[in-house]
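Residue-level structural notes
What follows is each chain in one-letter form.
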Amino acid sequence: MNKTLINRIKTSFHEVFKTEPLIIFSPGRINIIGEHTDYNDGYVFPAAIDKGIVVAIGNSNSNNSRAFAVDKDEIVKFSLSDLKPSAEGNWENYVFGVIAELQNRSKTICNFNIAFGGDIPGGAGMSSSAALENGVVFGLNELFDLRLKKEDMVLISQKAEHNYVGVKCGIMDQYASMFGIKNNALLLDCRTVKSKPYEINFNDHELILINTNVKHSLSDSAYNDRRSVCESVAERLKVKALRDATEYDLGTIKDELTPENYLKALFVIQENNRVVKASKAIEAGNLKTLGALMYASHYGLKNQYKVSCEELDYLVEIARLNKYVLGARMMGGGFGGCTINLIAKTETESFKDFALQLYKNRFNKDCSIYSVSLSNGTGIIEQCQHYS
Ligand code: GLA
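Here the structure is a predicted model, which means the values were calculated and not measured.

Calculation rules
Each chain has its residues counted from 1, following the order in which its sequence is written. Only residues with pLDDT of at least 70 are given local features in this predicted model, and only at 80 or more are side-chain atom pairs given and counted; all residues enter the totals for whole chains, interfaces and linings. As a rule here, side-chain values come from all non-hydrogen atoms in the structure, and water together with hydrogens is ignored. Numbering goes from the N terminus for both helices and strands, where a helix is a DSSP run of H or I of at least four residues and a strand is a run of E of at least two. Computation of the radius of gyration draws on C-alpha atoms, with the globule rule given as 2.2 Å multiplied by the number of residues to the power 0.38. Residue contacts are defined here by distance: any two heavy atoms, one from each residue, within 4.5 Å place the two residues in contact. Surface accessibility follows the Shrake-Rupley procedure with a 1.4 Å probe radius. Residue values consider only the protein chains on display as shielding. Think of it this way: Lys and Arg go in the positive column, Asp and Glu in the negative one, and His and the chain ends go nowhere. One atom stands in for each charge, and that atom is NZ of Lys, CZ of Arg, CG of Asp or CD of Glu. By definition, a salt bridge exists where a carboxyl oxygen of Asp or Glu is found within 4 Å of a side-chain nitrogen of Lys or Arg. Think of it in three bands: with a 1.4 Å probe and only protein chains considered, a residue is buried below 20% of the maximum accessible area for its type, exposed above 50%, and partly exposed in between. Residues are counted as near a molecule or strand when any one of their heavy atoms sits within 4 Å of it. For the purposes of these results, a polar contact is taken to be a pair of N or O atoms within 3.5 Å, where, inside protein, one atom must be able to donate a hydrogen and its partner to accept one; residues adjacent in sequence count only when each atom of the pair is a side-chain atom. Residues were grouped as follows: Ala, Val, Leu, Ile, Met, Phe, Trp, Tyr, Cys and Pro as nonpolar; Asp, Glu, Lys and Arg as charged; and all remaining residues, including Gly, as polar. Throughout, the edges of the domains are those of an automatic or database domain assignment. Defined in terms of a 1.4 Å probe, buried area is the accessible area two parts forfeit on being brought together, summed over both. Two strands make a pair as long as DSSP finds a minimum of two bridges between them. The axes used here are C-alpha line fits, helices contributing only the stretch in contact, and every angle between their N-to-C directions lies in the interval 0 to 180 degrees. What counts as a disulfide here is a pair of cysteine sulfur atoms lying within 2.5 Å. What sets the label is the angle itself: under 35 degrees gives roughly parallel, over 145 gives roughly antiparallel, 65 to 115 gives roughly perpendicular, and the rest give oblique. By convention the crossing between two helices is left-handed if the near helix lies anticlockwise of the far one by an angle smaller than a right angle, and right-handed if it lies clockwise.

1. Section: the overall build of the protein
In terms of regular secondary structure, the protein is built from 11 helices and 13 strands. Taking 21 Å as the expected radius of gyration for a compact globule of 388 residues, we find that the protein reaches 21 Å, a close match to that expectation. Considered along the principal axes of its C-alpha atoms, the protein spans approximately 60 × 50 × 40 Å. Within the protein, contacts between residues at least 6 apart in sequence are counted, and of these 73% link residues at least 24 apart. For the protein, the exposed surface amounts to about 16,400 Å²; the carbon and sulfur share of it is 47%. Distance between charge centres in the protein, computed from 44 positive and 46 negative side chains, equals 2 Å.

2. Points about the pattern of salt bridges
Across all of its chains, the model carries 18 salt bridges by this definition. Between Arg-105 and Glu-101 there is a salt bridge whose closest N-O contact spans 3.5 Å. Notably, a salt bridge pairs Asp-145 with Arg-147, separated by 3.0 Å at the nearest N-O pair. Its relative accessible area of 48% is what places Asp-145 among the partly exposed residues. Put simply, Asp-41, Arg-191, Lys-240 and Asp-244 are held in one network by salt bridges that share partners.

3. Digging into the site of the ligand
Taken together, Arg-29, Glu-35, His-36, Asp-38, Tyr-39, Cys-169, Gly-170, Met-172, Asp-173, Tyr-223, Gly-332 and Gly-333 form the complete shell of residues around the ligand. In this structure, an oxygen atom belonging to the ligand sits 2.7 Å away from a side-chain N or O atom of Glu-35. In isolation the ligand offers 300 Å² of accessible surface; the protein chains occlude 91% of this area. Each residue belonging to the shell around the ligand can be placed in one class, and the counts come to four nonpolar, four polar and four charged. Two domains share the shell around the ligand, each providing at least three of its residues, namely domain 1 (3-199) and domain 2 (205-371).

4. Focus: the domain arrangement of the protein
Domain annotation for the protein reports domain 1 (3-199) and domain 2 (205-371). With centres defined by C-alpha atoms, the gap from domain 1 to domain 2 works out at 25 Å. Summed over both sides, the interface between domain 1 and domain 2 buries roughly 3,200 Å², with carbon and sulfur atoms accounting for 61% of that surface. Here Asp-189 ties to Arg-243 by a salt bridge, and the two come within 2.9 Å at their closest N and O atoms. Between the two partners, domain 1 and domain 2, sit 23 residue pairs in polar contact (both at pLDDT 80 or more). Only strand E1 (22-31), strand E2 (43-44), strand E7 (184-189) and strand E8 (194-199) provide two or more residues apiece to the side of domain 1 that touches domain 2. Looking at the side of domain 1 that touches domain 2, the element that brings in the most residues is E1, giving three residues.

5. Some details on the sheet that holds strand E13 (residues 379-382)
Pairing is mixed in the open sheet, where six strands are placed in the order E5-E4-E6-E3-E1-E13. Edge positions in the sheet fall to strand E5 (74-78) and E13, since each has one partner strand and no second. Direction aside, the axes of adjacent strands within the sheet are offset by 25° on average. Where strand E4 (residues 65-69) lies against E5, five bridges are found, and the strand directions are antiparallel. Residue Ala-69 lies in a different strand from E5, and its bridge partner there is Glu-74. Along the sheet, helix H2 (residues 92-104) contacts E5 and strand E6 (112-118); its crossing angle with E5, the most-contacted strand, is approximately 30°. The strands touched by helix H5 (residues 172-179) are E1 and strand E3 (46-59); relative to E1, the strand with the most contacts, the crossing angle is about 125°.

6. Considerations on the state of the cysteines
Enumeration according to the criterion identifies zero disulfides in this entry. No disulfide involves Cys-309; its sulfur sits 11 Å from the nearest other cysteine sulfur, which is in Cys-338. Classification of Cys-309 by relative accessible area gives buried; the value is 10%.

7. Some details on the packing of helix H10 (residues 310-320) against helix H11 (residues 348-363)
The interhelical angle for the contact between H10 and H11, taken along N-to-C directions, is 140°, at an axis separation of 11 Å. As judged from the angle between their axes, H10 and H11 are oblique. Crossing of H10 against H11: the hand is right-handed. Within the contact between the two elements, H10 uses Glu-310, Glu-311, Tyr-314, Leu-315, Ile-318 and Ala-319 and H11 uses Phe-351, Phe-354, Ala-355, Leu-358, Tyr-359, Arg-362 and Phe-363. By residue class, the composition of the contact of H10 with H11 is 10 nonpolar, no polar and three charged.

8. Comments concerning the side chain of Ser-12
Here Ser-12 is to be found in helix H1 (residues 3-17). Looking at Ser-12, the relative accessible area reads 11%, which means it is buried. Here the side chain of Ser-12 touches Arg-8 through a polar contact of 2.6 Å, landing on its backbone oxygen. In this structure Ser-12 touches Phe-68 and Val-70, once residues within four positions along its chain are discounted.

Printed below as a string of structure tokens:
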């Protein structure tokens, strides 16, 4: 865990609020495979990572509450009795959204102070937002003894994102961040919201992330558009969600759909099948198959679902040139962020140099490369005196 980050958040909290906080770590996530399947009630294969958000939280004696975004050096004061979404794109919506959802569920909270910061680059597709929402709801649950289960907390975080941030996300990010298990990825069924852990040890291979360091601005609206296309195709097929449809079923209504929407629905059905195949490949230790599924996933995200971008495509293209990269694909919602690459450990260093150089030559900007370890989900890392 990032001790410097923890100390930074703790010290910042002390300096501003002058009390002892409760400290929570809430991780970001990677996703091995299964993109845009979560809001179609399908399967995903994410894992919590050792990068994330640290939240410090404590009671407040004043008649308002304050939230401190340490990395931005911004403090927002607010009243619990008069909450409404702040301007689009503002970080406080993640905090407000969680509070509003707790209030919708008639959970009583009193004034509090919160400070947070993280080591996940925003827009990297590693779910810093879900990590923050989870950190806030987890902290409030502890502070005010709300007796929420983790299962409730992920739904509260997801609703915060829908109603205050305006992204109609699925459950993958919040779930992976909350329920992560060290050294494991979770095969999550997004209909039952239950998962099966898979210990991830690829022996002489590893997963690395390459961040394009871009986030294209249309990503949120494009995300919501994709979701409504999927819902309308499911409705036409008279099924609850695309998870319930086969390629054959989709073929029966092909003439009623635009070619674009047909391809989008086809992607979801195929991607969902790939997740199941990937879990079997991992069980069998068949990394070549896993890698091929990752490349196929990227092909679909780029050509069928159309959520990739030039920078991501380029990184996948150069991965393909190296036979030691068994698979690569864009990760997360798309339009920027990271690729995830399955690579032979002996080749990682030289591939990193190669990718950094080529990316720079091509786009005249830097990509960033990360190795991550799989970690436990949202939890307390330090009790405040009040609790100990
Ligand atoms: C974002 C959303 C998730 C999921 C992915 C795409 O990360 O928050 O719910 O839909 O995109 O797989």
